[in-house]
Each structure stands twice: as C-alpha cells, then as structure tokens.
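# Remarks on the overall topology
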Amino acid sequence: MSQIRERTVLFADLRGSTALFETLGNAEASDLVTGTVGLVGQAVHEYRGQLIKTLGDGLMAVFDHPREGVKSAIRMQELLRKEAGRSPRLSGLQLQVALARGEVVEIRGDCFGDAVNVAARLLDHAGDSETLVTAEVVQGLSSAQRGKFRSLDRIAVRGRAEPVHLYMLDGSGGPTDAAATQFGAIVRRPHEPEGIRLIWQDLDRVFDIDAMPVVLGRSTQATYCITDVRVSRSHARIDWQGTSFILTDLSYNGSFVRFGASGEILSLRRSACTLHGSGVIGLGGPPQDGQAPSVHFEVLHFADTERLPVTDDEHLRPL
C-alpha cells in the first residue's frame, strides 16, 4: 500500500573511496567505507529521520521537517571530520549532501517522486564537504537557519524541465560577508568584478554575477556545455561568493588553472580556487596538454569597459 506525504529527502555520498580500494584492497576498503556510511547514518536517527537505504558509499533518508534534515546534514559532516581526525585512512574522504522537499510516494519502505529525483541529482553539482538544498527546504527553516545558507540562484538539473533554485550551506561556521549569506539581490561594490567571460572554441559567453552558478560540463543541461569525452557531465562550477568568482572542481580527472599567459598551473581535485584576471582552465588535463579541452576566462569589470557604439548589424551578446 502506498502513501503520499510531504517529506524532506536527503542524499549523502562519500567521495574519495576509490583511492581506499586502490591502497587497502577490496575487503578492507569495503569494511571501512561501509562503517563510515553507518557512522554518518547515525545523524539520521539523531534527528528523527528515517533511513531508507544505503547506496554503497552513500545513503538516502527522509525527514518530516526541513530543519531536522538540515541539522542531520550538519551533524554528518561533523561525524566524518571527527572520525577522520582519529583515523588517518579516512583523511581523503569527503561528504556531499543534498536535500530537496516535496510530495513523496512511499511504497514498501522505499520512496519515489520529484523531490527524490532532485535530491539525488543535486549531488552532481556538489563539491567536497558541501551541502546543497532547494528553495523549498530553505522556506521551511527558521530565520537563524536560513542565515547559514547563500543562494546559488537557479540551476538546470538533469531530467527536470524547470530549473531548481539552489542554496548552499555556509560551511565556514564563522562570520561571512553579508552579501554571501543573505537572500535576494547582491549588493555590488565599486571596483569588484561583475562578470566573467568564458571561451572554448566558438563558444564565447559572458556571465554576470546574477547568472551564477555556472556549471561547466559535458551534459547538455550544463550552463556551459563542452562536448568532449574527457569532460565530466558536471565537471566544474563557478560561483559568486560575495566579492569574487570561485571555481570548484567536481570531476574525477581534475581541473587545472593557469593565470596569465605563462603562470604556474594550479591543480584542483575536488577543491576550489579564486579566479582573478585572466587565464585558462584545463578540464581533465593541464592547459598545455593538447588533448584536454581548455577554457579561456577573463574576469570583467563592466564599469571599466569602454562601450563601443552599436551599428545596425551588431548584436548585443546575451548575459
């Protein structure tokens, strides 16, 4: 017998387990990963959630109220950090968490529905130690809890026609820039960057900060689609974080950033860096690798840009 209920759906996924299997072997790594998933799963029961199933190196749970789901997500990250501090073998593991809210169909202990699909697919857009939630989750939180999230605006999610309004939990735990944590329009300050230009082959686009986040990937639903087999479906993400553009690698093969024409190359593997000036982003390989796609970027200050007169045959590039 099925039931339809309004629930908050949580998916959590451990990243970095592949390295454990390579170094420890299948048996020992399986025990370690299974034990770690069980450990973070304790946070579901602590906040009155229902563990639906474990998924190899991840889990799925549901909660009656968004606040319990968010508290559970925070607790999961805490449990993993503490355990990694005690066991060096876990130092390479990172946890991604995603939550969505909506009507869920419950059938024989499992759950189905749009909220389930959205929460599962948000993991494609999450970086290491990140917690992403939908606007419906945020709406069910107290004012104090809402202040811990910052808007990533709307993002295309695979398999869904309408974009999803996404928020990210501020993982710093300390004071943050008001523009990065408050809802609504972002206040732009003088001399701060206001846009970023990306060029790959003939794909030349400009995004202002209101268009963030920008997902670079092979998926046709990526904001900036790069049709190359070396690129992951969701390979990297560019966010606006108050005063700067941040590039976060989401891939298995890594992203590589070179600032300027001949600067040193910064390697990102499930990590992030601030984009400034201009340079090249290598996806799946360093920029000097002729096989890897390279995206040229330029951080723009529109106020400092001289606007050329537009003739009849010129067209403004849409942001």
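No experiment lies behind these values; they were computed from the predicted model shown.

Moving on: unusual backbone geometry. With omega at 0°, the peptide bond leading from Met-212 into Pro-213 counts as cis. Structurally, the position occupied by Pro-213 is in the loop between strand S10 (203-208) and strand S11 (214-217). In the Ramachandran plot, Ser-129 falls in the positive-phi region, its phi being about 60° despite a non-glycine side chain. Classification of Ser-129 as partly exposed rests on a relative accessible area of 39%.

Within the secondary structure, Gly-285 sits in the loop between strand S18 (278-283) and strand S19 (294-300). C-alpha separation for the pair Gly-285 and Ser-255, spaced 30 residues apart in sequence, amounts to 6.7 Å. Beyond its immediate stretch of four places on either side in the chain, Gly-285 contacts Gly-254, Phe-256 and Ala-292.

The next point concerns helix H4 (residues 114-122). Among all positions of H4, only Ala-115, Val-116, Val-118, Ala-119 and Leu-122 are buried. Projected down its long axis, H4 shows its buried positions confined to an angular sector of 165°, all on one face. Residues of H4 that are buried in the fold lie against strand S1 (2-15), strand S3 (58-63), strand S4 (94-107), strand S5 (110-112), strand S6 (131-134) and strand S8 (164-169).

What follows concerns the packing of aromatic side chains. Across all of its chains, the model carries 3 aromatic pairs by this definition. Centre to centre, the rings of Trp-240 and Phe-245 are 5.0 Å apart; their planes meet at 65°, and the pair counts as edge-to-face. On the basis of relative accessibility, which here comes to 0%, the residue Phe-245 falls in the buried class. Ring centres 6.0 Å apart and planes at 85° place the aromatic pair Phe-259 and Phe-297 in the edge-to-face group. You can see Phe-259 sitting in strand S15 (residues 255-259) and its partner Phe-297 sitting in strand S19, a full 38 residues away along the chain.

Another aspect to go through is the confidence of the model for the protein chain. Summing up the model confidence of the protein chain, the mean pLDDT is 82 and the portion of residues at 70 or higher is 86%. Counted against residues more than four places away or in other chains, residues 172-191, with its pLDDT under 50, gives 26 contacts. For residues 304-319, every residue scores under 50 in pLDDT, and the model assigns this stretch 8 contacts once sequence neighbours within four places are set aside.

Conventions used here
- Residues numbered from 1 in each chain as written.
- Predicted model: local features only at pLDDT ≥ 70, side-chain atom pairs only at ≥ 80, totals over all residues.
- Heavy atoms only, no water.
- Helix = DSSP H or I, 4+ residues; strand = E, 2+ residues; numbered from the N terminus.
- Buried < 20%, exposed > 50% of the residue type's maximum accessible area, 1.4 Å probe, protein only.
- Contact = heavy atoms within 4.5 Å.
- Arc of directions from axis to C-beta.
- Phe/Tyr/Trp six-rings, centres within 6.5 Å; stacked < 30°, edge-to-face > 60°.
- pLDDT = per-residue confidence, 0-100.

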